Amino acid sequence: MVCWFIAGLVAAGVSGFLLFDALVLEPNWITVDRVVIRDDGLSRALGDMTIAQISDLHLQEELGFKEKELIRRLNNLEPDIIVVTGDLVEDKTAGSLVTEFFSQLKPKLWSYGILGNSDRKYLKGSEYKQIWRRSGLSLIGGCCRSMGVEGNGIFWLGGIDFPGYEFPGLDDEIDRILKSLPPGAPLIFLSYDPDLAPILIDKGADLVLSGDTHGGIIGIPGWGIVFHDFFGRSEFVRGLFRIGDGYLYVNRGIATKVLPIRFLCPPEITLFSFRPAG
């Protein structure tokens, strides 16, 4: 009887800790994942520059503890460029929170972003784009631009906003975005949907940065298969993938959605640096 009582206490304690971790601790425990991309073209063009990626902020109501901690950590990293790969807002009044958030960031150069499905749902009109631009965030969905820093080469940064779940002209839209890209030019591309990465890499992208999946929410080994097969989500759940001659990185995002939990899958800032291949 005593053994069963002790076992019950242990089980209750473990269950309580796991619930605390999933509901309170881990959703607010922002990690910095440092990723080295080994690519000759990107290495020549970017040199010692670093790019910080965040995703899936889902801002609403106010900037809370997690968002303020995210600002602090990003500024401490001192990246040259910050990119955000979609889902900035989670209600129709949150546009001002994006302004407040990015006006406090201090990248050495600038911040760039694209829109996700939540942004498409809640943002109306286009006035917010200029307001966000003045706060330090340029939206580059639908375009591709050359970028460079004195002493380095030139690389290109492109992006595509969430096009919808049915978009028959997607290939044509990607071709339009990339039409000004010189052959062989180093290209980093922001795509909310990671499933577009094989197409983008086939059309010349060296590195595709994506979000949307929230890392699968749960980080148990093998969960990605369930996430893909049962829930119908992307097979590219989180982390770095080698696809053909390029790379895809899927960021775990910052916020939670639908279920307010994370388990073995904390919010993520990804800090990229670039080195020669081999």
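Our structure is the block above this text.
Residues numbered from 1 in each chain as written. Predicted model: local features only at pLDDT ≥ 70, side-chain atom pairs only at ≥ 80, totals over all residues. Heavy atoms only, no water.

### Concerning the sheet that holds strand β5 (residues 137–139)
- The strand order across the open sheet built from six strands is β1-β12-β2-β3-β4-β5, with neighbouring strands paired in mixed fashion. Of all the strands in the sheet, just β1 (31–38) and β5 have a single pairing partner and so form its edges. Across the sheet, the mean angle from the axis of one strand to that of its neighbour is 25°, orientation sign disregarded.
- Here three bridges tie strand β2 (residues 51–54) to strand β12 (residues 268–275), and the two strands are oriented antiparallel to one another. Pairing of glutamine 53 across the sheet is with threonine 270, part of β12.
- On top of the sheet, helix α6 (residues 127–135) reaches β4 (110–114) and β5; it is set at about 140° to β5, its chief contact. (Pairing = 2+ DSSP bridges. Helix = DSSP H or I, 4+ residues; strand = E, 2+ residues; numbered from the N terminus. Axes fitted to C-alpha atoms, helices over the stretch in contact; angles between N-to-C directions. Contact = heavy atoms within 4.5 Å.)

### Some details on helix α4 (residues 95–102)
- If you check which residues of α4 are buried, you get Gly95, Leu97, Val98, Phe101 and Phe102. In a view along the axis of α4, the buried residues occupy a sector of 155°, so they form one face of it.
- Residues of α4 that are buried make contact with β2, α3 (65–77), β3 (81–85), β4, α6 and β5. (Buried < 20%, exposed > 50% of the residue type's maximum accessible area, 1.4 Å probe, protein only. Arc of directions from axis to C-beta.)

### Things to note about the side chain of aspartate 87
- Note that aspartate 87 resides in the loop between β3 and α4.
- Here aspartate 87 falls in the buried class, since its relative accessible area comes to 1%.
- Here serine 118 takes part through its backbone nitrogen, which lies 2.9 Å from a polar atom of the side chain of aspartate 87.
- Separated by 2.7 Å, the side chains of aspartate 87 and tyrosine 192 make a polar contact.
- Ignoring sequence-local partners within four residues, the contact set of aspartate 87 consists of Asp56, Leu57, His58, Leu115, Gly116, Asn117, Ser118, Asp119 and Tyr192. (Polar contact = N/O pair within 3.5 Å; in protein donor to acceptor, adjacent residues only side chain to side chain.)

### Let's talk about the sheet that holds strand β6 (residues 143–148)
- Sheet architecture is open: six strands sit in the order β6-β7-β8-β9-β11-β10, paired in mixed fashion. Taken across any chain shown, the strands that pair with only one partner, and hence form the sheet edges, are β6 and β10 (239–243). The sheet shows a mean angle of 20° between the axes of neighbouring strands, direction not considered.

### Focus on the nonpolar core
- By size, the foremost hydrophobic cluster in this structure holds 29 residues, and its most contacted members are Leu57, Leu70, Phe101 and Phe102.
- If you list the elements that add at least two residues to this core, you get β2, α3, β3, α4, α6 and β12.
- Setting aside chain neighbours within four positions, we find phenylalanine 102 in contact with Leu57, Val84, Leu88, Ser111, Ser135 and Leu137.
- By size, the runner-up hydrophobic cluster in this structure holds 25 residues, among which are Ala45, Leu46, Met49 and Tyr112. (Core = buried A, V, L, I, M, F, W, Y, C linked by side-chain atoms within 4.5 Å.)

### Overview of the side chain of serine 210
- Residue position: serine 210 is located in strand β9 (residues 207–210).
- If near-sequence neighbours (up to four positions away) are discounted, serine 210 is found in contact with Gln53, Thr85, Ser191, Tyr192, Asp193, Pro194, Leu248, Tyr249, Val250 and Asn251.

### Comments concerning the packing of aromatic side chains
- Counting across every chain of the model gives five aromatic pairs.
- Both rings, one in phenylalanine 162 and one in tyrosine 192, keep their centres 5.7 Å apart while their planes meet at 80°; by these two values the pair is edge-to-face. Here the residue phenylalanine 162 occupies a position in the loop between β7 (154–160) and α7 (170–178), and tyrosine 192 occupies one in the loop between β8 (187–191) and α8 (197–202), the gap between them amounting to 30 residues. Across this residue pair, the class does not change: phenylalanine 162 and tyrosine 192 are buried.
- Between phenylalanine 236 and phenylalanine 241, the aromatic rings sit 5.1 Å apart at their centres with planes inclined by 75°, giving edge-to-face as the arrangement.
- Using a relative accessible area of 10% as the deciding quantity, one classes phenylalanine 236 as buried.
- For phenylalanine 241, a relative accessible area of 22% corresponds to the partly exposed category.
- The residue whose ring lies beneath arginine 242 is tyrosine 247, and the NZ or CZ to ring-centre distance is 4.3 Å. (Phe/Tyr/Trp six-rings, centres within 6.5 Å; stacked < 30°, edge-to-face > 60°. Lys NZ or Arg CZ within 6 Å of the ring centre and 35° of its normal.)

### What about unusual backbone geometry?
- Within the chain, aspartate 56 stands out as a residue other than glycine whose phi angle is a positive 50°.
- For aspartate 56, the position within the fold is in the loop between β2 and α3.
- Even without being glycine, glutamate 78 reaches a positive phi, approximately 50°.
- Here glutamate 78 lies in the loop between α3 and β3.

### Thoughts on α3
- Between its first and last C-alpha atoms α3 spans 18 Å; for 13 residues at 1.5 Å apiece the expected length is 18 Å, and the two agree.
- When we look at burial in α3, the residues that qualify are Lys66, Glu67, Glu69, Leu70, Ile71, Leu74, Asn75 and Leu77.
- Looking at the packing, one finds that the buried side of α3 touches β1, β2, α4 and β12. (Expected span 1.5 Å × (residues − 1).)

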